[in-house]
Amino acid sequence: MQKTVFIDATHIKASANKNKYIEKVAKQRTQKYKKELLKEINAEREANGKKPFEEEDDDDDNNKGENSSKKVRVSTTDPESGMFQKGEKERCFAYTASVACDRNNFVLGVKIAPGNVHDSQVFSDLFQEVNDKFSKIEAVVVDAGYKTPGICREIIEAGALPVMPYKRPMTKDGYFKKREYVYDEYYDCYICPNNQILEYSTTNRAGYREYRSNPQICCKCPMRLQCTKSKNYTKIITRHIWEHYIEIAEDIRHTQWGKELYKMRGQTIERVFADAKEKHGMRYTNLRGLRKVGHYLTLLFACMNLKKLALWKKRRGTFPPTVPALHSFFLKIFFAFNKKPLLGYAS
């Protein structure tokens, strides 16, 4: 029974020249919970007297939002890989391996995707697979890249608790952080640092409620430059309709139990990646195509699991001794292919 699952992703360098590519227009991947989200958005819009959104057609090239298209670089050597770049790392074609393990470092599941696919987009497939196999999961430990309303909701709805770290706000320097605007749940509004109210305006297609300030008040506010520089003197704050799931994750983050579990990432999932790359050559692959790379990684992690199991049995004294007949059989095979017998086994 797996009570705690650790999930993370790492990149594997593909066997492809980064300078040999063509540019194509590709559709962005949509989240699996899109229909559920749209249903809740339309229910809220109708309750507030707004017109509901129509469901987007995935085949429509003119769609905007989550189904919008973008230009991507496609390798001419390995078209199924994706261009990857993170921070100061060198840009290259790669694959993303999303892996789940338990607190004993046994790999429970793996999913492969192109290197230009964000880790959070593969999470649902991996989590669903692991949750189907191990139904007694109590906690799912992930890093800040997975801290989204959709993922938090999926974990909580499955009966587990999301253990996530602090995520630094993306606010520009010199501006008020979002946490400095207080949300009033009873009146469904925000209160700015100058004690002015931002009232609910609408809910957009992405699932965010928009709260707008009064421009007649903001234009005279002494703190306006720390709040907004919009030409119409209006500050807009957004709040996802699933924001309360994020708040549950935040409450867990401050508990001693949550802190101790998150610290174990370095001994569990990060250790799995380190062993796979340093000891088993997972830093890059000579294979091409998602199917071949997926088979390779499945065998790799299966061997790592078997190796760990064998070491455990050996330390506990439960590993079966070598069978003499089998040992003799392998020696005969060796002598058959070698004219000179090994030293110590000469007849």
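Per chain, the residues get numbers from 1 upward, laid out in the order the sequence is written. This being a predicted model, a pLDDT of at least 70 is required before a residue's local features are given, and a value of 80 or more before pairs of side-chain atoms are given or counted; all residues contribute to the totals for chains, interfaces and linings. Computation of side-chain values covers all heavy atoms of the structure but excludes hydrogens and water.

(A) Inspection of the packing of aromatic side chains at higher detail. Each Phe, Tyr or Trp ring (for Trp, its six-membered ring) is paired with any other whose centre lies within 6.5 Å, and the angle between the two planes then decides the class: stacked below 30 degrees, edge-to-face above 60, tilted in between. Tallied over the full model, the rule gives 10 aromatic pairs. Ring geometry for F106 and W312: centres 5.3 Å apart, planes at 90°, overall edge-to-face. With a gap of 206 residues between them, F106 in the loop between β5 (92–101) and β6 (107–114) and W312 in helix α9 (residues 290–316) connect regions that are remote in the sequence. Accessibility expressed as a relative area gives 16% for F106, which makes it buried. You can call W312 partly exposed: its relative accessible area is 26%. Note on F176 and Y181: the rings are 6.3 Å apart at their centroids and 80° apart in plane angle, and the pair reads as edge-to-face. Where helices and strands are cited, they refer to DSSP runs of H or I of at least four residues and of E of at least two residues respectively, numbered from the N terminus. In this scheme, a residue with accessible area under 20% of its type's maximum is buried, one over 50% is exposed, and one in between is partly exposed, where area comes from a 1.4 Å probe on protein chains only.

(B) Looking closely at the packing of helix α3 (residues 149–157) against helix α6 (residues 243–253). One way to put it is that α3 packs onto α6 with a least axis distance of 8 Å and a crossing angle of 75°. Overall, the two elements α3 and α6 adopt an arrangement that is roughly perpendicular. Mapping the contact onto sequence places P149, C152, R153, I156 and E157 in α3 and Y245, I246, I248 and A249 in α6. All axes here are fitted lines through C-alpha atoms, helices being fitted over the stretch that makes contact, and every angle between N-to-C directions spans 0 to 180 degrees. When an angle is under 35 degrees it counts as roughly parallel; over 145 it counts as roughly antiparallel; between 65 and 115 it counts as roughly perpendicular; any other value is oblique. Note on definitions: a residue-residue contact is assigned when non-hydrogen atoms from the two residues lie within 4.5 Å.

(C) Representation of empty space enclosed by the protein within the structure. Every definition here rests on a 1 Å grid over the protein atoms only: cavities are sets of points where a 1.4 Å probe fits but cannot get out, pockets are open sets enclosed by protein on both sides within 12 Å along at least five of seven lines, and lining residues have some atom within 4 Å of a point. Grid points are joined across faces, edges and corners, and a volume is the space filled by probe spheres set on the points. Tallied over the entire structure, the rule returns 1 cavity of 30 Å³ or more. The volume enclosed by the largest cavity comes to roughly 130 Å³. The wall of the largest cavity is formed by 15 residues, among which C192, N194, C218, C221 and C227 lie closest to the centre. Of all the secondary-structure elements, those providing two or more residues to the lining of the largest cavity are α4 (215–218) and α5 (224–227). In this count, Pro and Cys sit with the nonpolar residues alongside Ala, Val, Leu, Ile, Met, Phe, Trp and Tyr, while Asp, Glu, Lys and Arg are called charged and the others, Gly among them, polar. Looking at side-chain class alone, the lining of the largest cavity contains 9 nonpolar, 4 polar and 2 charged residues.

(D) Molecular detail of unusual backbone geometry. The phi torsion at N105 lies on the positive side, around 70°, for a residue other than glycine. In this fold, N105 is placed in the loop between β5 and β6. By relative accessible area, N105 is classed as buried at 14%. Of note, Y233 is a non-glycine position whose phi angle comes to about 60°, a positive value. Among the structural elements, Y233 can be located in the loop between α5 and β13 (236–240). Judged by relative accessible area, Y233 falls into the partly exposed class, the value being 34%.

(E) Broad picture of the pattern of salt bridges. The term salt bridge refers to a side-chain nitrogen of Lys or Arg lying within 4 Å of a carboxyl oxygen of Asp or Glu. Evaluation of the coordinates by the stated rule reveals 13 salt bridges. Residue R209 pairs with E44 through a salt bridge whose shortest N-O separation is 2.8 Å. Of this pair, R209 sits in strand β12 (residues 208–212) while E44 is found in helix α1 (residues 34–47), placing the two residues 165 residues apart along the sequence. Like R209, the residue E44 is buried in the burial classification. Residue R212 pairs with E210 through a salt bridge whose shortest N-O separation is 3.4 Å. Linked through salt bridges whose partners overlap, the residues forming this network are D8, R265 and E270.

(F) Focus on the layout of surface pockets. What the second largest pocket holds in volume is close to 730 Å³. What lines the second largest pocket is a set of 26 residues, among which T10, H11, F84, K86 and K89 lie closest to the centre. Of all the secondary-structure elements, those providing two or more residues to the lining of the second largest pocket are β1 (4–13), β5 and α8 (269–278). A per-element tally of the lining of the second largest pocket places β1 first, with 6 residues. Taken together, the residues of the lining of the second largest pocket sort by class into 9 nonpolar, 7 polar and 10 charged.

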